[in-house]
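A structural walkthrough
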Amino acid sequence: FNPNTGSGGYGAFSIGYTQLHNRDALLMGGRGAWVIGHGFGLGMGGYGFESDPVYNAVEELNYALAGGYGGLIMEPILFGWFPVHLSFPILVGAGGVANTSYSANWNDPYEYYDGYVEDASAFFAAEFGAELEFNLVRFFRLALFGSYRYTSDLTMEGIPANALRGWSAGMTFKFGSF
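Here the structure is a predicted model, which means the values were calculated and not measured.

Here is what the cut-offs are and how they apply
- Residues numbered from 1 in each chain as written.
- Predicted model: local features only at pLDDT ≥ 70, side-chain atom pairs only at ≥ 80, totals over all residues.
- Heavy atoms only, no water.
- Patch = residues over 30% accessible without salt bridge, like charges linked within 9 Å, V, L, I, M, F, W, Y side chains within 5 Å.
- Areas by Shrake-Rupley, 256 points an atom, 1.4 Å probe, with all protein chains shown as cover.
- Salt bridge = Lys/Arg side-chain N within 4 Å of Asp/Glu carboxyl O.
- Helix = DSSP H or I, 4+ residues; strand = E, 2+ residues; numbered from the N terminus.
- Buried < 20%, exposed > 50% of the residue type's maximum accessible area, 1.4 Å probe, protein only.
- Contact = heavy atoms within 4.5 Å.
- Pairing = 2+ DSSP bridges.
- Phe/Tyr/Trp six-rings, centres within 6.5 Å; stacked < 30°, edge-to-face > 60°.

Attention shifts here to a nonpolar patch on the surface. Together, Ile15, Leu26, Met28, Leu78, Phe79, Trp81, Phe82, Val84, Leu86, Leu132, Leu144 and Met171 give the surface a local cluster of nonpolar side chains, amounting to about 1000 Å² of exposed area. When contributions to the nonpolar patch are tallied by element, the ones reaching two or more residues are β2 (23-36) and β6 (84-87). Residue placement: leucine 26 occurs in strand β2. The exposure class assigned to leucine 26 is partly exposed, which follows from its relative accessible area of 43%.

Shown next, in the form of structure tokens:
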């Protein structure tokens, strides 16, 4: 058995926790990759996020950050044929974020609305992660991940330029031929 021969591929979805502008946020995403020689994945991925709303009593509105990013995924995999091993996914791409507002009065159907985009910004994104992977069955791997997301400066009124930079943690579910 030579673990460095052959190739495969996988599709995956992730769910995680992060903070955006010091607010708790949900991070969800997916990716697909071609696995070369059981040791390197190359593919595409994307993530969406939304922060907990912050209430503004003067305007009687909730404000939340929402958006997404995606791009090229490069993933070195160490000892992928072992039942428990490590991988190091790197995402390089771009994204967009919006500061949205919506009514804080949930009880009045005439006042409630889906929301407005108050301001938005595009950004460059680079995310560096580490995953502890468990080979559960031949076609399924469960990974616990931690990552750091770097973004270029945002240009949004009232939102710091580095609001999206920070750590994330969660789980990734990978299905395929590894």
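Below, the discussion takes up the environment of phenylalanine 145. Mapping phenylalanine 145 onto the fold places it in strand β9 (residues 140-151). The residues contacting phenylalanine 145, other than those within four sequence positions of it, are Ser14, Ile15, Gly16, Ala130, Glu131, Ser168, Ala169, Gly170, Met171 and Thr172.

Moving on, we get to the pairing of β6. Side-chain alternation along β6 places His85 and Ser87 on a buried face and Val84 and Leu86 on a face that remains uncovered. Here strand β5 (residues 61-78) folds back onto β6 in antiparallel fashion, the turn holding five residues, of which phenylalanine 79 has a positive phi close to 55°.

A word on the packing of aromatic side chains. Scanning all chains against the criterion turns up 12 aromatic pairs. For the pair phenylalanine 79 and phenylalanine 82, a centre-to-centre distance of 5.4 Å together with 20° between the ring planes defines the contact as stacked. On the basis of relative accessibility, which here comes to 49%, the residue phenylalanine 79 falls in the partly exposed class. Judged by its relative accessible area of 40%, phenylalanine 82 falls in the partly exposed class. Following the ring pairs from residue to residue traces out a cluster consisting of Phe13, Phe140, Phe173 and Phe175.

Such coordinate-based values are descriptive only and should not be taken to indicate function.
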